Amino acid sequence: MRVMIARRAALACLTLAPLLLARRASAISAMTLTAQDRADIARIEAYLNAIHTLKARFEQIAPDGSDSHGTAWIDRPGKLRFEYDPPVPYLLVANHGDVYFHDSQLGQTSEVALGDTPLSIILAPEIKLSGNILITDITRVPGLIQVTVLRAERWWQGSLSLAFDTDPLSLRQWIVLDEQRRETRVSLSDIEIGGQFPEALFEFKVTPTPPTGPKR
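Keep in mind that what you see is a predicted model, and the values were worked out from it rather than measured.

Criteria and thresholds
- Residues numbered from 1 in each chain as written.
- Predicted model: local features only at pLDDT ≥ 70, side-chain atom pairs only at ≥ 80, totals over all residues.
- Heavy atoms only, no water.
- Buried < 20%, exposed > 50% of the residue type's maximum accessible area, 1.4 Å probe, protein only.
- Helix = DSSP H or I, 4+ residues; strand = E, 2+ residues; numbered from the N terminus.
- Pairing = 2+ DSSP bridges.
- Axes fitted to C-alpha atoms, helices over the stretch in contact; angles between N-to-C directions.
- Contact = heavy atoms within 4.5 Å.
- pLDDT = per-residue confidence, 0-100.
- Salt bridge = Lys/Arg side-chain N within 4 Å of Asp/Glu carboxyl O.

Asks: How would you explain the pairing of strand S3 (residues 79-84) if you had to name every residue and give the values?
Replies: Across the six residues that make up S3, a large majority, five, are buried. Bridge analysis of strand S2 (residues 67-75) against S3 gives six bridges, and the strand direction is antiparallel. Within S3, the residue paired with Ala72 across the bridge is Phe82. In this structure, the hairpin formed by S2 and S3 is closed by a connection of three residues, where Gly78 is found at a positive phi of approximately 85°. Where S3 meets strand S4 (residues 90-95), four bridges bridge the pair, whose relative direction is antiparallel. Paired with Phe82 across the two strands is Leu92, which belongs to S4. Two successive antiparallel strands, S3 and S4, enclose a turn made up of five residues.

The following block contains the structure:
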């Protein structure tokens, strides 16, 4: 059971499952922004749009409180790799408009369109927290600002919160809240911005497991 919860959490950081039954849309409204809110949002958009490549260590906290660690690479637009430290058998790769989640222990791969995932917001060619992206909350504490957003056309799938250090501005965490109100947190550390990554890093390939039988 713990493995299955962790597996769901790994998927949740990139994709939120749609409802199985059609729902009648209800009114979802963005919060009313103050002048300070608009200034902070403009600063956050400028910061995110200035990031073309990023490498960081990550810690993921699953809804049951279990945690896992690994290394993340982002190459905007549209490319991402989450490589989990052993013994966690997961790999997440985004490229060519798709996201692949591979479980090497089970030998299974899941695929979903990048546009169906909340991280498509920060992997977009131009990051805009307006229009179809609704800001529903802005929280400030000394040294930290957190912005919660959802996609207007898919409001039922949940929300994405982005937390930043404020001085200097730096992305530190995102929180996915799914439609069942289950929360997955991904925190970043040892962040390196800039540089170039090999294209092969973002190509999803499964390395065959070598045979374990006796040699002849």
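After that view, the rundown keeps rolling.
Asks: Lay out unusual backbone geometry in plain terms, naming residues and giving numbers.
Replies: Going from Pro86 to Pro87, the amide bond is cis rather than trans, its omega being 10°. As for its position among the elements, Pro87 is in the loop between S3 and S4. For the bond running from Asp167 to Pro168, omega is 0°, close enough to zero to count as cis. With respect to the helices and strands, Pro168 occurs in the loop between strand S9 (159-166) and strand S10 (169-177). A positive phi angle, close to 55°, is found at His96, a residue other than glycine. Tracing the backbone shows His96 in the loop between S4 and strand S5 (98-103).

Asks: Outline the sheet that holds strand S6 (residues 108-113), supporting the account with residue identities and numerical values.
Replies: The sheet built from eleven strands is open, its strands ordered S6-S5-S4-S3-S2-S1-S11-S10-S9-S8-S7 with antiparallel pairing. Of all the strands in the sheet, the pair left with one neighbour each is S6 and strand S7 (133-141). The mean inter-strand angle of the sheet, taken between neighbouring strand axes irrespective of direction, is 20°. Here six bridges tie S4 to S5, and the two strands are oriented antiparallel to one another. Along S5, the bridge assignment pairs Asn95 with Asp98. Sitting on the sheet, helix H2 (residues 35-50) is in contact with S7, strand S8 (144-151), S9, S10 and strand S11 (183-193), with an inclination near 105° to S7.

Asks: Lay out the confidence of the model for the protein in plain terms, naming residues and giving numbers.
Replies: Confidence along the protein averages 83 in pLDDT terms, with 80% of residues attaining 70 or more. Note on residues 11-27: pLDDT under 50 across the span, and 41 contacts to partners over four residues away in sequence or across chains.

Asks: Run through the environment of Val141, naming residues and quoting values.
Replies: Relative to the helices and strands, Val141 resides in strand S7. Taking the C-alpha atoms as reference, Val141 lies 9.7 Å from Thr166; in sequence the two are 25 residues apart.

Asks: How would you sum up the pattern of salt bridges? Please name residues and give values.
Replies: All told, the structure shown has seven salt bridges when counted by the stated rule. Close ionic contact of Asp40 with Arg140 constitutes a salt bridge, the shortest N to O distance being 2.8 Å. Residue Asp40 is found in helix H2, and its partner Arg140 is found in strand S7; the two are separated by 100 residues along the sequence. With relative accessibility at 39%, the residue Arg140 sits in the partly exposed group. Taken together, the shared-partner salt bridges in this structure form one network comprising Asp37, Asp40 and Arg140.

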